[in-house]
Amino acid sequence: MVFGSELMVERQAERPERGATVHVVGVRELLRHLPVLRDRPEEVLLSWGRRASRWQIALPGSRACLLFDPPAVEAVLRRGSLSKRTFQYRELERLTGRGLLNDEGESWRAARRLLSLPFGRRAVEAARPELEDEVRRFFDGWRVGQERELGGELCLLSARMLRRFLRVTFSARTVVESVEQAVDHIFERSRNPWRRWSPWAAVRFAEARAALWREAARLRSWPPMDGLPPARALAEATTLLVAGHETVASSLVWAALLCAETPVARERLVGDPRFARWVYQEAVRLFPPAWLITRRVEEGFGLEGLGPGTLVVLSPYVTQRLWFPEGERFIPERFQSEPEAPSGRYFPFGLGPRVCVGRELALVEGPIVLQELFSRFRLQVLRRPKVRAGITLRPDGGLPVRLEPA
Ligand code: HEM
């Protein structure tokens, strides 16, 4: 058995039949899955999750394991002692510098303390009227009969909401465009190692990053940044711009699609804020933007039974679909009795000490946008997008819709 006692503590989860079986994938099996893994990684992982809840990938010179069952997720994320020194975070660091998302130890703790209050529930609730106003203004320009591509539009709206929340002036469009370009570059590098040697790709990435940093520099006037050295403030500002808009936008596109396909939910959410929140929570259960979370086991730190250097991969996408009854169906009402706090089977915003600092903000922004959008329009979906599982879970090619009367 690969894992030690800690991970083997079974809380007789909701899917006891799979227990904590560990399935070992060798090089040959991995190669067989490679083409689909490149194109539809989320589907492969989901099918693996149906077969076994813990997987070990045995490659010469490297060790990785995928853990899908809630007790394992809790063990990994609650302790917060596994490191973030993984490919995912190293790549993001090239864009953001060392900030809250990828830092560790005392400097992470200090930054987290600084940012927790401004992103706390009270601060977010206080900003609600302004966020509502921003969203109203955004949709004021929309008319019945128009065709819109919701992916791009909601990215812009999410960046504007963030700007309004932070009360800082930056170009939302530049932020959206530069983050998209830079994140696409990072994603392509992970799919195609040859790209690492492409000078053109490197130049385009550097240009996108420079544009983003220029906008991020404006956040230095945001009061919490006062307590930080300039380089650190820039890294935190860039982190907020990167982590704080595209995730929200992706979640909203999927939520909008689910509502467009479920008239009862769409009609009910307009007049019922509580239901709008459940719809949003259910959307991020089915389509969690941060669909993969990675950690590295370090010498003297990690989990008993997982050797130093092991890459640990968790997937809210897989766990949240497999550990809920009728987990692949859109049932917002399930959140009536679901606890608010993140858990090992519901962690779209992560869990434990590294839980998303923007969680409260996203949970307020999402329902506001859905209520405003659907109080004005019905959406005729012109093309149902496939999932594009990159750094985040995005709709491939966006979501083109025609606006119909509500
Ligand atoms: C639907 C929207 C969002 C989703 C699904 C999401 C998801 C996540 C997840 C899963 C993590 C934990 C990653 C890990 O443990 O490795 C995280 C961390 C983080 N998120 Fe979000 N996020 C969202 C919105 C936001 C917003 C609006 C902001 C800020 C404006 C933000 C800023 C951050 C930061 C700074 C961290 C790092 C926290 C730390 O490690 O201390 N996120 N997010």
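Scroll up for the structure.
Report on the accompanying structure.

Conventions adopted
- Residues numbered from 1 in each chain as written.
- Predicted model: local features only at pLDDT ≥ 70, side-chain atom pairs only at ≥ 80, totals over all residues.
- Helix = DSSP H or I, 4+ residues; strand = E, 2+ residues; numbered from the N terminus.
- Rg over C-alpha atoms; globule rule 2.2 N^0.38 Å.
- Buried ≥ 20, exposed ≤ 12 C-beta atoms within 10 Å, placed from the backbone.
- Expected span 1.5 Å × (residues − 1).
- Bend = angle between axes of the 7 residues up to and from the residue.
- Near = placed C-beta within 6 Å.
- Pairing = 2+ DSSP bridges.
- Axes fitted to C-alpha atoms, helices over the stretch in contact; angles between N-to-C directions.
- Core = buried A, V, L, I, M, F, W, Y, C linked by C-beta atoms within 7 Å.
- Contact = placed C-beta atoms within 7 Å.
- Arc of directions from axis to C-beta.

**Looking at the overall build of the protein chain**
Part 1 of the reasoning: Scanning the protein chain from terminus to terminus reveals 16 helices and 10 strands.
Part 2 of the reasoning: Computed over C-alpha atoms, the radius of gyration of the protein chain comes to 21 Å, within 12% of the 22 Å expected from 2.2 N^0.38 for 406 residues, which places it in the range of a compact globule.
Part 3 of the reasoning: Across its three principal directions, the C-alpha atoms of the protein chain cover 60 × 50 × 40 Å.
Part 4 of the reasoning: Here the protein chain, with 406 residues, has 43% of them falling under the buried criterion.

**A short note on helix H2 (residues 27-39)**
Part 1 of the reasoning: Spanning 13 residues, H2 covers 19 Å between terminal C-alpha atoms, matching the ideal 18 Å at 1.5 Å per step.
Part 2 of the reasoning: Maximal helix bending in H2 amounts to about 50°, located at His-33; proline Pro-35 follows within four positions.
Part 3 of the reasoning: With zero of 13 residues buried, H2 is to be regarded as a mostly surface element.

**Here we look at the site of the ligand**
Part 1 of the reasoning: Around the ligand there are 25 residues in total, and Gly-244, Thr-247, Gly-350, Cys-356 and Gly-358 lie nearest to it.
Part 2 of the reasoning: Of all elements in the fold, only helix H11 (230-243), helix H12 (246-260) and helix H16 (359-376) reach the threshold of two or more residues within the shell around the ligand.

**Overview of unusual backbone geometry**
Part 1 of the reasoning: For Arg-167, which is not glycine, the phi dihedral falls at a positive 55°.
Part 2 of the reasoning: Of note, Arg-167 is situated in the loop between helix H8 (150-166) and helix H9 (172-191).
Part 3 of the reasoning: Even without glycine at this site, Glu-326 takes up a positive phi of about 45°.
Part 4 of the reasoning: Take Glu-326: it is sitting in the loop between helix H15 (316-322) and H16.

**A closer look at the sheet that holds strand S2 (residues 54-59)**
Part 1 of the reasoning: The strand order across the open sheet formed by five strands is S1-S2-S3-S6-S5, and the pairing between neighbours is mixed. Each end of this open sheet is capped by a strand with a single partner; those strands are strand S1 (22-25) and strand S5 (293-296). Looking at each pair of strands side by side, their axes are set apart by 20° on average, direction ignored.
Part 2 of the reasoning: Direction of pairing for S1 relative to S2: parallel, over a ladder of four bridges. From the neighbouring strand, Val-24 faces S2, where its bridge partner is Gln-56.

**Considerations on the sheet that holds strand S4 (residues 147-149)**
The pairing of strands in a sheet comes from backbone hydrogen bonds and takes either a parallel or an antiparallel form.
Part 1 of the reasoning: Strand order in the open sheet formed by three strands is S4-S10-S7, with antiparallel pairing between adjacent strands. The open sheet is flanked by S4 and strand S7 (377-381), the only strands paired with a single partner. In this sheet, adjacent strand axes meet at a mean angle of 40° when their direction is disregarded.
Part 2 of the reasoning: In this sheet, strand S10 (residues 400-405) lies alongside S4 in antiparallel orientation, the contact comprising three bridges. Each residue of the ladder has a partner; that of Glu-149, found in S10, is Pro-400.

**Digging into the nonpolar core**
Part 1 of the reasoning: Core analysis: the largest hydrophobic core is formed by 108 residues, its most contacted members being Ala-256, Val-279, Val-312 and Leu-370.
Part 2 of the reasoning: The greatest single-element share of this core, amounting to 10 residues, is contributed by H12.
Part 3 of the reasoning: Apart from the residues lying within four places of it in its own chain, the contact partners of Val-312 are Cys-65, Leu-67, Val-76, Leu-82, Thr-294, Arg-295, Val-297 and Leu-306.

**Focus: the environment of Arg-321**
Part 1 of the reasoning: Topologically, Arg-321 is positioned in helix H15.
Part 2 of the reasoning: On the neighbour-count criterion, Arg-321 (21 C-beta atoms within 10 Å) is buried.
Part 3 of the reasoning: Discounting chain neighbours no more than four positions away, the residues touching Arg-321 are Leu-46, Leu-286, Gly-327 and Glu-328.

**Some details on the pairing of strand S6 (residues 311-314)**
Part 1 of the reasoning: Judged by which residues are buried, S6 turns out to be covered on both faces: Leu-311 and Val-313 on one side and Val-312 and Leu-314 on the other are all buried.
Part 2 of the reasoning: Bridge count for strand S3 (residues 62-67) against S6 is four bridges, and the pairing is parallel. Bridge pairing in S6 links Cys-65 to Val-312.
Part 3 of the reasoning: Pairing geometry for S5 and S6, over four bridges, is antiparallel. The residue of S6 that forms the bridge with Thr-294 is Val-313.

**Observations concerning helix H10 (residues 199-217)**
Every α-helix carries 3.6 residues per turn, so stepping three or four residues along brings you back to the same face.
Part 1 of the reasoning: An ideal rise of 1.5 Å per residue puts 27 Å on 19 residues; H10 measures up with 27 Å between its terminal C-alpha atoms.
Part 2 of the reasoning: Listed as buried for H10 are Phe-205, Ala-208, Arg-209, Leu-212, Glu-215 and Ala-216. What you see down the axis of H10 is that its buried residues fit within an arc of 120°, all on one side. Opposite the buried face of H10, at more than 90 degrees from it, the exposed residues are Pro-199, Trp-200, Val-203 and Ala-210.
Part 3 of the reasoning: Where H10 is buried, its residues contact helix H5 (87-96), H9 and H11.

All we've got here are geometric facts, nothing functional implied.
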